[in-house]
Amino acid sequence: MSNLAIRFLNEEGNPVTEETVIQLAQQIRKGYSGSAWLALDEYGEEEFLAVYMENGWVSLSYNYWDIEGESHMALPVNPQCPYSREDAPVFIGGQTPVAKRNALNNLDLAAECVLHFAKTGGLYPQLQWEEALEPEYEDKPTNEDVPPQQITLVGLSTAEQLAQGGGKVNPTRPVEDPVELPTALTDGAYALKRAAEVEPLAPEAVKKMKSHRFEEAASLFTAAIREHPEQAALYILRSHCWNRLEGTGSGISRKPDMDRDMTKVLELEPDNILALRARCPTTGTKKRLQRHIEDLTKLIALDPEHQDKYLVSRAYRYSWLGEGKAAKADLQTVLNRGILWDVDLIYLCREYAFPGF
């Protein structure tokens, strides 16, 4: 059990060993019907992965709570049918339908997800995950297979991505793949720049970070924050280290902690563009999506060079919240400017049946 992150498997008191976890993975690979419950606490009540197996499909749902006590559920995106809303022949909890886009029919992949969670407490990094949302659209999309989330398909060319959605695009203009802008969590050069500001306050932490010993560095930055809570750079560097550890098997995900750190940074530096970007991941609860909209609105004003990217991102948030008129207004603004022409823009324009799409 010392090599496992989970402390609960199916029932309180059940043995949690590598053998029992491997046995579960084998059952998944063989297509058994049944369920399993893996949790990071010994009572199975906090962060847990629920597994349901039926008819050659597996439903995986990662459940957790944020610092405000708000519950979240993350689901995988099936790379074999990422746009399908058709119900899979498996149910969450035996009764809640799940779309094929959020269930897995690759049983080996499902088994790997379970093994990874049991060993690390984190989600399988080679698979995209998204928060379960049920947006209500003002205008019913014309395509029945519309994803509820903005996604980028890894491993498919732009032409293949567009083919998934059908419709027409401007044949005279190359379609761009979405570009991920650097954030306070991901930009290494920015981290080094901010590290220079606080190196006198936390020299050992900065040294560990530069040596890529991120787990040790994060702990040292935490100690420095206790002594210098007004230094925004310390929160940035701690979260940068945590982000570098995501998906490496170093322990449970620190994404809620990173979000809190970015919130603190923005209290100290309200116009920090990279921190604002970091607070706008592609998933969230309705409450968080509203905050994303506020952050993206501020980014449009602070960073006009990338305003089209922010407008499209804000349009997706409006769409997920059922605010179709606002979403279409943002899309129309981008189209009128005629600068951005990428997969994310085209896809949402198709969803709202814009002329020519």
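Everything below is about the structure printed above this text.
Described in the following lines is the structure provided in the data block. (Residues numbered from 1 in each chain as written. Predicted model: local features only at pLDDT ≥ 70, side-chain atom pairs only at ≥ 80, totals over all residues. Heavy atoms only, no water.)

This part covers helix α2 (residues 107-120). Between its terminal C-alpha atoms α2 stretches 20 Å, which fits the 20 Å expected from 14 residues at 1.5 Å a residue. Burial analysis of α2 places 11 of its 14 residues in the buried class, which makes it a mostly covered element. Those residues of α2 that sit buried are L107, L109, A110, A111, C113, V114, L115, H116, F117, A118 and T120. The backbone nitrogen of D108 has a side-chain oxygen 3.2 Å away, supplied by the residue at the start of α2, namely N106. Once α2 finishes, G121 follows within two positions and takes phi at roughly 80°, a positive value. (Helix = DSSP H or I, 4+ residues; strand = E, 2+ residues; numbered from the N terminus. Expected span 1.5 Å × (residues − 1). Buried < 20%, exposed > 50% of the residue type's maximum accessible area, 1.4 Å probe, protein only. Polar contact = N/O pair within 3.5 Å; in protein donor to acceptor, adjacent residues only side chain to side chain.)

Peptide bonds are trans in most cases, and residues, glycine excluded, mostly fall at negative phi. Here N55, not a glycine, exhibits a phi torsion of approximately 55°, which is positive. Among the structural elements, N55 can be located in the loop between β3 (48-54) and β4 (57-65). The exposure class of N55 is exposed, given its relative accessible area of 53%.

Strands sit in the order β1-β2-β3-β4-β5-β8 across an open sheet of six strands; the sheet is antiparallel. With one partner strand each, in any of the chains shown, β1 (8-9) and β8 (129-131) form the two edges of the open sheet. Running at roughly 35° to β3, helix α1 (residues 18-29) makes contact with β1, β2 (34-39), β3 and β4 of the sheet. Against the sheet, α2 touches β2, β3, β4 and β8, its axis set at about 25° to β4. (Pairing = 2+ DSSP bridges. Contact = heavy atoms within 4.5 Å. Axes fitted to C-alpha atoms, helices over the stretch in contact; angles between N-to-C directions.)

Among the residues of helix α5 (residues 203-210), those classed as buried are A205, V206, K208 and M209. For α5, the angular spread of buried residues about the axis comes to 160°, placing them on one side. Contact partners of the buried residues in α5: α4 (188-198), α6 (214-227) and α7 (232-245). At the exit of α5 stands H212, carrying a positive phi of roughly 65°. (Arc of directions from axis to C-beta.)

The next subject is the pairing of β4. The buried fraction of β4 amounts to eight of the nine residues, a majority that puts the element mostly inside the structure. Direction of pairing for β3 relative to β4: antiparallel, over a ladder of seven bridges. Looking at the pairing, M53 lines up with V58 of β4. Taking the residues that link successive antiparallel strands as the turn, the β3-β4 hairpin has two residues, and the phi of N55 there is positive, at about 55°.

It is the contact of α5 with α6, at a shortest axis distance of 8 Å, that shows an interaxial angle of 160°. As summarised for this structure, α5 and α6 are arranged roughly antiparallel, according to the angle between their axes. Judged by the twist between their axes, the crossing of α5 over α6 is left-handed. Note on element contacts: α6 touches α5 through F214, E216, A217, L220 and F221, opposite E204, A205, V206, K208 and M209. Classifying every residue of the contact of α5 with α6 by side-chain character gives seven nonpolar, no polar and three charged. (Parallel < 35°, antiparallel > 145°, perpendicular 65-115°, else oblique. Left-handed = near helix turned anticlockwise from the far one by under 90°. Nonpolar A, V, L, I, M, F, W, Y, C, P; charged D, E, K, R; others polar.)

Functional significance is not addressed by these values, which are geometric in nature.
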